[in-house]
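Here's the letter readout for the chains.
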Amino acid sequence: MIFIQRFEQIMSVGYILPKSIVLLNIIGFLIFFSQGTFNMTMIVMLNNTIEYDEVRFHERHDSIISAVRSFATKLASAVDQTVVALILIISNIYAISQKNIIDERKYEELVVEIKSTNKK
């Protein structure tokens with residue numbers, strides 16, 4: 001629910017709220033601060049849960065839980081980036097974006113060359 005409210009706030013900049021980079025930064029800070037606080041709370045609650053091994057063997061393995069969670073997060077992030085990269089490559093969007101960057105560089109070189117010939 002809070003995510004939807006924050007999303008509506010950031011999307012209303014320029015339409016309902018006045019266009020202001022300061023206002024946009026404040027709203028962005030609130031969104032990411034709330035997300036970080038939520039993630040930290042989830043980690044603390046996850047570490048404080050009673051796991052099945054503790055019930056059976058009366059031993060806690062907090063370090064294993066924390067290590068597996070961070071590994072799972074990094075693995076999910078890597079898979080996510082791989083899927084996005086593959087979609088961009090397969091759909092040819094990546095090549096088009098690189099072509100535009102090269103064209104902009106050629107354009108800048110031409111502008112510099114024209115300016116230098118005009119000075120002579």
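Procedures and definitions
Residues numbered from 1 in each chain as written. Predicted model: local features only at pLDDT ≥ 70, side-chain atom pairs only at ≥ 80, totals over all residues. Heavy atoms only, no water. Helix = DSSP H or I, 4+ residues; strand = E, 2+ residues; numbered from the N terminus. Contact = heavy atoms within 4.5 Å. Phe/Tyr/Trp six-rings, centres within 6.5 Å; stacked < 30°, edge-to-face > 60°. Buried < 20%, exposed > 50% of the residue type's maximum accessible area, 1.4 Å probe, protein only. UniProt positions renumbered as here; feature names shortened; annotations may be inferred. Expected span 1.5 Å × (residues − 1).

## Overview of the overall build of the protein chain
Along the protein chain, the regular secondary structure elements total five helices and zero strands. Listed N to C, the secondary structure of the protein chain is α-α-α-α-α in terms of helices and strands. Sequence-distant contacts in the protein chain: of pairs separated by 6 or more residues, those separated by 24 or more amount to 13%.

## Observations concerning the packing of aromatic side chains
Taken as a whole and judged by the stated rule, the model has one aromatic pair. For the pair Phe-29 and Phe-33, a centre-to-centre distance of 5.6 Å together with 20° between the ring planes defines the contact as stacked. A residue pair is termed a helical-turn pair when its members lie 3 or 4 positions apart in one helix, as Phe-29 and Phe-33 do in helix H2 (residues 21-47) at four residues. Taking the relative accessible area as the measure of exposure, Phe-29 reaches 55% and is therefore exposed.

## As for the UniProt feature "transmembrane region" (unreviewed entry) in the protein chain
In the numbering used here, UniProt assigns the "transmembrane region" (unreviewed entry) feature to residues 21-46 and 78-96. Annotated as 100% helix and 0% strand, the span residues 21-46 places its first and last C-alpha atoms 37 Å apart. The span residues 78-96 carries 89% helix and 0% strand; its end-to-end C-alpha distance comes to 24 Å.

## Here's the deal with H2
The α-helix winds at 3.6 residues per turn, so residues separated by three or four positions along the chain end up facing the same way. Along its 27 residues, H2 runs 39 Å from first to last C-alpha, staying within 8% of the 39 Å computed at 1.5 Å per residue. Those residues of H2 lying buried are Ile-27, Gly-28, Ile-31 and Asn-47.

## Regarding unusual backbone geometry
For Asn-92, which is not glycine, the phi torsion reads 70° and is therefore positive. Considering the arrangement of structural elements, one finds Asn-92 in the loop between helix H4 (62-90) and helix H5 (93-119). Residue classification places Asn-92 among the partly exposed positions, given a relative accessible area of 41%.

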